[in-house]
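Next come the chains, spelled out residue by residue.
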Amino acid sequence: IYAVVDTLEYLRKGGRLSAAQAALGAVSRLKPIIAVKDGKVSVASKAFGTGAATKSFLKLIANNPVDDSFPSYFLYSGDSSKKDELIPLLRQQNTLPSRLHDCSIGATIGTHVGPGAFGMAYVMDT
């Protein structure tokens, strides 16, 4: 899983970030890109602004290709419209999975990432 967190407010509320870290991140428009690999959550990248976060997200997908023999899932919290922006970009870089499904992020994870988060869950090609 690779996912872009749109706001740091919910990470602060959940105790994952201090108030100072969240405030500094908000002022600088920091967007963390998180990864979940082998059950471990880590920060895969950081970007300043939504455009840069989207580029970083696409680069991570390109560098860690999808195994198309398995289904892939576009993840979103609150609004699935980001998929409409990402599909042409994934197609352009030849990384669009053939079996891409929509999946809303549930309440448990959504509480931590907040609205506006998006990502992709897939099996990596080895």
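One structure accompanies this document, and this report is about it. (Residues numbered from 1 in each chain as written. Predicted model: local features only at pLDDT ≥ 70, side-chain atom pairs only at ≥ 80, totals over all residues. Heavy atoms only, no water.)

This next bit is on the layout of surface pockets. In this structure, the largest pocket occupies an estimated 710 Å³ of space. Lining the largest pocket we find 25 residues, and of these V5, L11, I34, V41 and V113 sit closest to its centre. When contributions to the lining of the largest pocket are tallied by element, the ones reaching two or more residues are α2 (19–27), β2 (30–37), β3 (40–48) and α5 (107–113). The residue inventory of the lining of the largest pocket, partitioned by class, reads 18 nonpolar, five polar and two charged. (1 Å grid on protein atoms, 1.4 Å probe; cavity = no way out; pocket = protein on both sides within 12 Å on 5 of 7 lines; lining within 4 Å. Points joined across faces, edges and corners; volume = space filled by probe spheres on them. Helix = DSSP H or I, 4+ residues; strand = E, 2+ residues; numbered from the N terminus. Nonpolar A, V, L, I, M, F, W, Y, C, P; charged D, E, K, R; others polar.)

If you look at the biggest cluster of nonpolar residues, it comprises 20 residues, and the most contacted ones within it are Y2, F57, I61, L86 and M120. Those elements giving two or more residues to this core turn out to be β1 (2–4), β2, α3 (50–63), β4 (72–76), α4 (82–92) and β6 (118–121). For this core, the element with the most residues is α3, which contributes five residues. For L86, the contacting residues outside a window of four places in its chain are T54, F57, L58, F74 and F118. By size, the runner-up hydrophobic cluster in this structure holds nine residues, among which are V5, L8, A22 and V113. (Core = buried A, V, L, I, M, F, W, Y, C linked by side-chain atoms within 4.5 Å. Buried < 20%, exposed > 50% of the residue type's maximum accessible area, 1.4 Å probe, protein only. Contact = heavy atoms within 4.5 Å.)

With respect to the helices and strands, K59 occurs in helix α3. Judged by relative accessible area, which is 54%, K59 ranks as exposed. Residues K59 and L90 lie 31 residues apart in sequence; the distance between their C-alpha atoms is 9.9 Å.

Okay, the sheet that holds β4 next. Pairing within the open sheet is mixed, and its six strands lie in the order β3-β2-β1-β6-β4-β5. Of all strands in the sheet, those bounded by a partner on one side alone are β3 and β5 (100–104). On average, adjacent strands in this sheet sit at an angle of 20 degrees to one another, irrespective of strand direction. Here four bridges tie β4 to β6, and the two strands are oriented antiparallel to one another. When the bridges of β6 are listed, L75 appears paired with G119. (Pairing = 2+ DSSP bridges. Axes fitted to C-alpha atoms, helices over the stretch in contact; angles between N-to-C directions.)

A separate point is the side chain of T54. For T54, the position within the fold is in helix α3. Among the residues examined, T54 registers a relative accessible area of 4% and is labelled buried. What T54 contacts, discounting residues up to four positions off in sequence, is K82, E85, L86, L89 and F118.

That is the geometry; function is a separate question.
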